[in-house]
Amino acid sequence: DEEEDTVGKAGEGNGSDDNSSNVAGSDDTLDQTLGNGDCFIGFDLGTSGARMSIVEKTSGGQFDEVVTEALAWDDNLVFDDGNDWRKAIDTLLLRAKGMEVMDRVKAICVSGTSATCLLVKRHSLDVSRKARMYNFDVKGGSSPAVDNVMELIEKYVPDKHTARATTGTLAKLLLWSEEQSLVDEVLCHQSDFVSLSLMYEGLNDDVDITTHCDFHNILKLGYDVRALEYPSWMMELLKEGANIPNPEEVLPSKVVSPGEPIGVISPVVAAKYGLSSNVVLVGGTTDSNAAFFAAAGANPEYGTAVTSLGSTLAIKQLSSTYVEDASRGVYSHRFPRFGGSDGEGSDNSEEAWLIGGASNVGCAVLRAEDFSNDELSSLSLTIDPNEDSPLSYYPLIKTGERFPVADSSKEPVLTPKPDSRKEYLHGILQGIGDVERDGFKVLGELGATLKLPKVVLSCGGGSKNDMWVAMRQRRLKEIYGDGEDVVVKRATNTEASYGAALLAAATFVS
């Protein structure tokens with residue numbers, strides 16, 4: 001490839017306005033040694049704001065969070081403005097400028113919300129089409145363009161494929177193309193855009209931007225994370241269906257593993273914040289996957305699972321086998337294995353999958369049934385986690401379920417309703433826990449390896465309820481055989497920015 005031949009060593013930032021030395025090429029030799037005191041930055045661009053974590057490698061081999069900064073989206077920093085994403089990162093880095101730890105930063109990783117994307121000009125990274133966020137649904141409007149997008153998806157995208165989602169990246173790209181022809185524009189996910197900005201900002205304007213994406217963010221675009229290529233149906237859709245003459249010029253030109261080096265920071269950016277000009281940018285991830293890294297670390301064992309107990313229930317389990325079944329709402333993210341499952345030196349070639357699904361059942365029902373925080377705390381103290389409730393609830397707040405079975409007609413079951421608020425709460429919490437149990441059972445039936453998790457780390461507001469943790473562990477053990485066991489406990493850290501920082505450090509070797 002002629003363009004790749006011009007790419008220089010990623011670790012040789014020379015302070016000039018030429019960006020060729022800032023892109024990681026196939027022959028690059030980055031300094032990826034890891035020593036005590038080395039620091040790594042993780043950013044998370046979430047739904048409510050942006051957060052930065054700086055972690056430090058300790059003599060005990062752990063990573064301590066030594067700096068954390070956060071800000072909320074508001075009228076001055078808008079959550080769906082790509083330029084404001086960069087301003088948010090600028091604000092957070094300037095708060096840390098001058099801190100001694102900034103001299104020891106070796107790498108940066110960015111996580112963003114899934115399927116949040118925009119279009120930028122190829123030679124400048126200037127935003128050409130406003131960001132479409134994770135929850136932007138192409139079916140939210142009615143127009144000939146929307147109708148054409150739906151026809152293209154129906155015609156070209158395989159049945160039950162993740163890319164059929166009308167909130168996915170592919171649908172958003174098709175709508176942009178229908179609204180106005182793509183001219184000298186490149187697709188970027190939220191994480192990609194911020195990382196590329198840190199790599200190219202302040203450099204020569206008239207250059208081809210080498211766009212990158214990671215296995216996690218690109219899943220909803222249609223990229224085949226098993227074969228590691230854009231599938232033929234996708235290229236046919238874009239070229240023949242959407243009339244994009246050269247789709248390869250619009251799509252990210254290189255797809256990397258989360259945590260894999262993609263280049264070095266712009267010397268202009270490095271100088272602005274007091275960072276070394278050799279700071280490495282690595283492939284990013286999505287916010288939910290970054291939260292898994294935060295809870296489980298960058299090198300968890302197979303059978304490690306994380307349950308998020310927020311408004312909805314979501315489970316993720318690390319498996320050595322690929323598992324997918326759209327009829328049950330089960331999907332797989334390719335998971336980076338740094339040093340293999342034993343964490344020792346490796347080429348990251350081991351195949352691993354973060355499998356799971358998200359239910360519509362969750363803690364939102366507690367608010368819908370008017371349980372206050374104080375009532376939840378006081379009633380939970382009176383519930384015995386070792387006793388079963390006679391109530392068999394399926395505590396949805398409205399019709400429709402995604403996982404462990406995808407059933408748009410599934411109805412909530414919250415009857416009979418006892419007079420006692422304690423008994424009512426007992427039944428609801430048991431019902432949510434049973435959905436979690438059934439979810440892990442489904443993953444095992446579909447071929448998860450290990451078949452059932454060895455440890456389940458809990459995050460989200462519901463994880464703070466110790467009685468519920470004990471109840472969930474007891475109910476989950478019902479699907480285990482003799483001699484098998486599982487531990488359910490609260491995760492120590494679940495911030496996505498912390499997980500991104502651990503991911504930034506993951507390819508560095510002591």
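Further up the page is the structure itself.
Structural notes, computed from the coordinates. This one's a predicted model, so the numbers in the text were calculated from it and none came from an experiment.

Each value, and the rule that gives it
- Residues numbered from 1 in each chain as written.
- Predicted model: local features only at pLDDT ≥ 70, side-chain atom pairs only at ≥ 80, totals over all residues.
- Heavy atoms only, no water.
- Helix = DSSP H or I, 4+ residues; strand = E, 2+ residues; numbered from the N terminus.
- Rg over C-alpha atoms; globule rule 2.2 N^0.38 Å.
- Contact = heavy atoms within 4.5 Å.
- Areas by Shrake-Rupley, 256 points an atom, 1.4 Å probe, with all protein chains shown as cover.
- Lys, Arg positive; Asp, Glu negative; His and termini not counted.
- Charge placed at Lys NZ, Arg CZ, Asp CG, Glu CD.
- Salt bridge = Lys/Arg side-chain N within 4 Å of Asp/Glu carboxyl O.
- Buried < 20%, exposed > 50% of the residue type's maximum accessible area, 1.4 Å probe, protein only.
- Axes fitted to C-alpha atoms, helices over the stretch in contact; angles between N-to-C directions.
- Parallel < 35°, antiparallel > 145°, perpendicular 65-115°, else oblique.
- Left-handed = near helix turned anticlockwise from the far one by under 90°.
- Nonpolar A, V, L, I, M, F, W, Y, C, P; charged D, E, K, R; others polar.
- Phe/Tyr/Trp six-rings, centres within 6.5 Å; stacked < 30°, edge-to-face > 60°.
- Lys NZ or Arg CZ within 6 Å of the ring centre and 35° of its normal.

## Structural notes on the overall build of the protein chain
- In terms of helices and strands, the protein chain carries 13 helices and 18 strands.
- For 510 residues, the compact-globule formula gives about 24 Å, and the C-alpha radius of gyration of the protein chain, at 23 Å, lands near that figure.
- Reported as C-alpha extents along the three principal axes, the dimensions of the protein chain are approximately 70 × 60 × 45 Å.
- Put simply, of all contacts in the protein chain between residues at least 6 apart along the chain, 70% involve residues at least 24 apart.
- Here the protein chain has roughly 20,900 Å² of accessible surface; of this, 45% comes from carbon and sulfur atoms.
- With 46 positive and 79 negative side-chain charges, the protein chain shows a spacing of 6 Å between the two charge centroids.

## A short note on the pattern of salt bridges
- Applying the stated criterion across every chain yields a total of 28 salt bridges.
- Members of the salt-bridge network, linked through shared partners, are D388, D434, R437, D438, R474, R475 and E478.

## Considering unusual backbone geometry
- Of note, the bond from F403 into P404 is cis; its omega dihedral lies within 30 degrees of zero at 10°.
- Relative to the helices and strands, P404 resides in the loop between α10 (373-380) and α11 (421-445).
- Following T415, the chain continues into P416 via a peptide bond in cis, with omega recorded as 0°.
- Mapped onto the elements of the fold, P416 is located in the loop between α10 and α11.
- Positive phi values are uncommon outside glycine, yet N243 reaches one of about 60°.
- Structurally, N243 can be placed in the loop between α6 (232-241) and β9 (254-256).
- When its relative accessible area of 62% is taken as the criterion, N243 is described as exposed.
- A positive phi angle is found at D370, which is not glycine, with a value near 65°.
- Given a relative accessible area of 63%, D370 falls into the exposed group.

## Details of the packing of helix α2 (residues 82-96) against helix α5 (residues 190-200)
- At a closest axis distance of 10 Å, the pairing of α2 and α5 adopts a crossing angle of 60°. With respect to α5, the element α2 is oriented oblique. Every pair of crossing elements has a handedness; the one defined by α2 and α5 is right-handed. Within the contact between the two elements, α2 uses G82, W85, R86, I89 and L93 and α5 uses Q190, F193, V194, S197 and L198.
- Among the residues forming the contact of α2 with α5, the class breakdown is six nonpolar, three polar and one charged.

## Thoughts on the packing of aromatic side chains
- Counted under the stated rule, the structure contains nine aromatic pairs.
- Look at F292 and F335: their rings are 5.8 Å apart centre to centre, the planes differ by 80°, and that puts the pair in the edge-to-face class. Pair noted here: F292 is in helix α8 (residues 287-296) and F335 is in the loop between β15 (331-334) and β16 (353-358), with a separation of 43 residues, a long-range link.
- Feature note: the residues F40, F63 and F508 constitute an aromatic cluster, connected by ring pairs.
- The ring of Y394 has K410 sitting right over it, with the charged end atom 4.4 Å from the ring centre.

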